[in-house]
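Letter by letter, the chains look like this.
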Amino acid sequence: MPVALQLTGHEKDLGGGFLVRRLLPDARQRSVGPFIFFDHFGPAEERPGVNHDVRPHPHIGLATVTYLFEGAMMHRDSLGSAQLIEPGAINWMTAGRGIVHSERRPDHLREVGFVNHGLQLWTALPLAQEEAEPSFSHTPAEAIPECSVGDARVRVLVGEAFGVRSPVPALWRTLYLDLWLPAGGGMELPPLEAQQAIYAVEGTLEADGAPQPLRQLAVLQPGSPVKLFSPGGARLVLVGGEPLDAPRHMWWNFVSSRKERIVQASADWEAMRMGTVPGDAEEFIPLPPTRFTPPEPLS
């Protein structure tokens, strides 16, 4: 079987009825390559007067990777970045030693209805760069390279595959692909990285002849190629890369190889020592009332 593990995920309400499907972390599979967090949101209708804004909040020790299929978001952070996020672009924010950011409904869409649909992923940072200077990188849709593999059209969002390299500045071996298969189309997916998983966003998909359920993360057998086929057309993503270089602890929005670093970040945020977002400093997400108690680390 090409699929080593099938993760069904679970729904989580981020506030105001904004539901996401969370696939990582999972008790059975804490990470895939450097990816430690996988949220799928939408398609969700954003109506005038409905507030799904994500207020300013902090991160350490990770990189956020935002990718939209439909819709728009406005990203602002404590570095002074202000970027409209639109479909097809990759927005990579390295938290490193600490950053604060918000994601809100763009002002020009406040009074109109639209659909938001996308993925919010996190990667851990290499041990040597856990405390790197924070940064933000926006790669527009037209700068993301594409290629054809079998019947599939492949966008190489992050990393390198099929002789094509993404310009997104990942800090270690990371692979993130967006693939379309037409009705009746297929391709062979080689083992591109040490760890990889596929996620069917929409349509109908088979892996080596077995139906692949929508919105489930299929962790693939290492080192084995997989024949993908779509009877009616499909869109899917692949995530993967080299395994984590050490176990990670994750609590709330903080990731670190050291428990005491998460305790320190919690104290820093509670004391408002992590900075503010220019133009968006009037409100923030407070620290959860339940304090950090070290769970099993991600590995």
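Residues numbered from 1 in each chain as written. Predicted model: local features only at pLDDT ≥ 70, side-chain atom pairs only at ≥ 80, totals over all residues. Heavy atoms only, no water.

A. View of the overall build of the protein chain. Regarding its fold elements, the protein chain presents 1 helix and 26 strands. For 299 residues, the compact-globule estimate of 2.2 N^0.38 gives 19 Å, and the protein chain sits close to it at 19 Å. Along the three orthogonal principal directions, the C-alpha set of the protein chain runs to about 55 × 45 × 30 Å. Of the contacts made within the protein chain by residues no fewer than 6 positions apart, 71% connect residues no fewer than 24 positions apart. Total accessible area on the protein chain is roughly 12,400 Å²; 51% of this is exposed by carbon and sulfur atoms. One way to put it: in the protein chain the 25 positive side-chain charges average out to a point 4 Å from where the 35 negative ones average out. (Helix = DSSP H or I, 4+ residues; strand = E, 2+ residues; numbered from the N terminus. Rg over C-alpha atoms; globule rule 2.2 N^0.38 Å. Contact = heavy atoms within 4.5 Å. Areas by Shrake-Rupley, 256 points an atom, 1.4 Å probe, with all protein chains shown as cover. Lys, Arg positive; Asp, Glu negative; His and termini not counted. Charge placed at Lys NZ, Arg CZ, Asp CG, Glu CD.)

B. Region of the structure containing the side chain of His52. Its location among the elements puts His52 in the loop between strand S4 (35–46) and strand S5 (54–59). Of the polar contacts made by the side chain of His52, one reaches the side chain of Glu46; its length is 3.0 Å. (Polar contact = N/O pair within 3.5 Å; in protein donor to acceptor, adjacent residues only side chain to side chain.)

C. Layout of the sheet that holds strand S18 (residues 185–189). Spatially, S18-S23-S20-S21 is the arrangement adopted by the 4 strands of the open sheet, whose pairing is antiparallel. Among the strands making up the open sheet, the edge pair consists of S18 and strand S21 (210–211). In this sheet, strand S23 (residues 226–230) lies alongside strand S20 (residues 206–207) in antiparallel orientation, the contact comprising 2 bridges. Considered in S23, the bridge of Glu206 is made with Phe229. (Pairing = 2+ DSSP bridges.)

D. The sheet that holds strand S12 (residues 135–139), seen in detail. One open sheet holds the 7 strands; their spatial order is S2-S3-S4-S11-S6-S9-S12, and the pairing between them is antiparallel. The sheet terminates laterally at strand S2 (10–13) and S12, the two strands that pair on one side only. The average angle at which neighbouring strand axes cross in this sheet is 20°, direction not considered. Taken together, the 8 bridges between strand S6 (residues 62–70) and strand S11 (residues 114–124) define a ladder with antiparallel strand orientation. Each bridged residue has a counterpart across the sheet, and for Thr66 the counterpart in S11 is Gln120. (Axes fitted to C-alpha atoms, helices over the stretch in contact; angles between N-to-C directions.)

E. Representation of the pairing of S4 in the model. Of all 12 residues in S4, 10 are buried; the element is thus mostly enclosed. Both S4 and S11 contribute to a ladder of 9 bridges, which runs antiparallel. Bridging across to S11, His40 finds its partner in Leu119. (Buried < 20%, exposed > 50% of the residue type's maximum accessible area, 1.4 Å probe, protein only.)

F. The arrangement of helix H1 (residues 259–270) in detail. Spanning 12 residues, H1 covers 17 Å between terminal C-alpha atoms, matching the ideal 16 Å at 1.5 Å per step. Turning to H1, its buried residues are Arg261, Ile262, Ala265, Ser266, Asp268 and Trp269. The arc that holds the buried residues of H1, viewed along the axis, is 165°, so those residues lie on one side. Those residues of H1 hidden inside the fold are in contact with S5, strand S10 (99–104), strand S25 (249–251) and strand S26 (254–256). Phi turns positive, to about 60°, at Met272, one or two residues after H1. (Expected span 1.5 Å × (residues − 1). Arc of directions from axis to C-beta.)

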